[in-house]
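# Understanding the architecture of this molecule
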Amino acid sequence: MKAFILAVVFACGFAAGSEDERLPNKCEVCKILTTELQEALEKTGRSKEVLEVGEVLDTGKRRRKIRYNTSETRLTEAVDNICERILQYKVHAERPGSLRYAKGSSQTMMTLKNLVNKGVKVDLGMPYELWDEPSAEVTDMKKQCETMLEEYEEVVEDWYFHHQDRRLENFLCENHVLKTSEQDCLKEVWKGDTGDKGGAEEVSGAERVESAAHDAGEL
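Reference entry: report on the structure contained in this document. Starting from 1, residues in each chain are numbered consecutively following that chain's sequence as written. Only residues with pLDDT of at least 70 get local features here, since the model is predicted, and only at 80 or more are side-chain atom pairs given and counted; chain-wide, interface and lining totals rely on the full set of residues. The side-chain figures draw on all heavy atoms in the structure; neither hydrogens nor water molecules are used.

This brings us to the state of the cysteines. Disulfide: a covalent bond connecting the sulfur atoms of a pair of cysteines. Put simply, a disulfide is two cysteine sulfurs that come within 2.5 Å. According to the stated counting rule, one finds three disulfides in the structure shown. With a sulfur-sulfur separation of 2.0 Å, Cys27 is cross-linked through a disulfide to Cys185. With the S-S dihedral at roughly -95°, the linkage between Cys27 and Cys185 falls on the left-handed side. Highlighted residues: Cys27 in helix α2 (residues 26–42) and Cys185 in the loop between α7 (168–177) and α8 (197–217), separated in sequence by 158 residues. Throughout, exposure labels follow a simple rule: accessible area from a 1.4 Å probe, protein chains only, divided by the maximum for the residue type, with under 20% read as buried, over 50% as exposed, and the rest as partly exposed. Accessibility expressed as a relative area gives 3% for Cys27, which makes it buried. The disulfide that involves Cys83 links it to Cys145, with 2.0 Å between the sulfurs. Taking the torsion about the sulfur-sulfur bond, which here is approximately -75°, the covalent link between Cys83 and Cys145 counts as left-handed. One end of the pair, Cys83, is in the loop between α3 (72–79) and β3 (89–91); the other, Cys145, is in helix α5 (residues 136–151), with 62 residues separating them in the sequence. Taken individually, Cys83 and Cys145 each receive the classification buried, so the pair is uniform in this respect. Ordering the disulfide-forming cysteines of the protein by sequence position, one finds them joined as 1-6, 2-5, 3-4. Numbered from the N terminus, helices here are DSSP runs of H or I no shorter than four residues, and strands are runs of E no shorter than two.

Now the structure itself:
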């Protein structure tokens, strides 16, 4: 049993160690920021709500009516706490480049949780209840997002009011935030496990943990 526990601890150490923490680069931050903001705006894009703005004057002038889906209010509501949503992301270290950041647990982490559910002692150097807390990488990405959003606030507003025929990622990241040499991550697209190098590595990494635990159980 002792060898079994040690082997699983070793396997977990391998899994955690493979998820080497690194700070997100500017391209990755901009990519996820624009993804989240575009998604938030799309949820309200078809609203037919009409807003009344302005004060009613003594002259009897009526308040001006504007459509919600083209209003500054819609943008403000979408931007509000947008960087907070980044804390929902997890590090999928088995995937390459910017694809390492995605919502939902990584395959390796799900494998480790399954082992715990089966009664296997798993030691990641932290309490089990903290396994799903935002990592240092993701927390740093949130901070960078807030800084970037503040710095390029006027650019986002310009896109919203005048250039929504273009994708926000192209308008903000390619045209304003990133140099040409910094834009590689914008070309990275997750295609799932099938036929994808990153996906294949993710599965094999999880399988190595399962295999180590299984082999230890036979000792």
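What follows deals with the side chain of Glu36. Locating Glu36 in the fold gives a position in helix α2. Residue Glu36 is classed as buried on the basis of its relative accessible area of 1%. Whenever two N or O atoms come within 3.5 Å, that pair is a polar contact, provided that in protein one can donate a hydrogen and the other can accept it, and provided that, for residues adjacent in sequence, both atoms are side-chain atoms. In terms of polar contacts, Glu36 uses its side chain to reach the side chain of Lys103, at 3.2 Å. For this analysis, residues touch if any pair of their heavy atoms sits within 4.5 Å. Contacts of Glu36, omitting those with residues within four sequence positions, involve Ile82, Arg85, Tyr89 and Lys103.

Turning our attention to α2. The periodicity of an α-helix, 3.6 residues per turn, causes residues three or four places apart in sequence to face the same way. Across its 17 residues, α2 extends 24 Å between first and last C-alpha, which sits within 8% of the 24 Å expected from 1.5 Å per residue. Within α2, burial applies to Cys27, Glu28, Val29, Cys30, Lys31, Ile32, Leu33, Thr34, Glu36, Leu37, Ala40 and Leu41. Where α2 is buried, its residues contact α3, β3, β4 (101–103), α5, α6 (153–162) and α7. Put simply, Asn25 is the residue that caps the front of α2, since its side-chain oxygen is 3.1 Å from the backbone nitrogen of Cys27. Helix span is expected to be 1.5 Å times the residue number reduced by one.

This paragraph deals with the environment of Glu169. Counting through the fold element by element, Glu169 comes out in helix α7. Here Glu169 falls in the buried class, since its relative accessible area comes to 9%. Residues Glu169 and Thr34, 135 residues apart in the sequence, show an inter-C-alpha distance of 5.4 Å.

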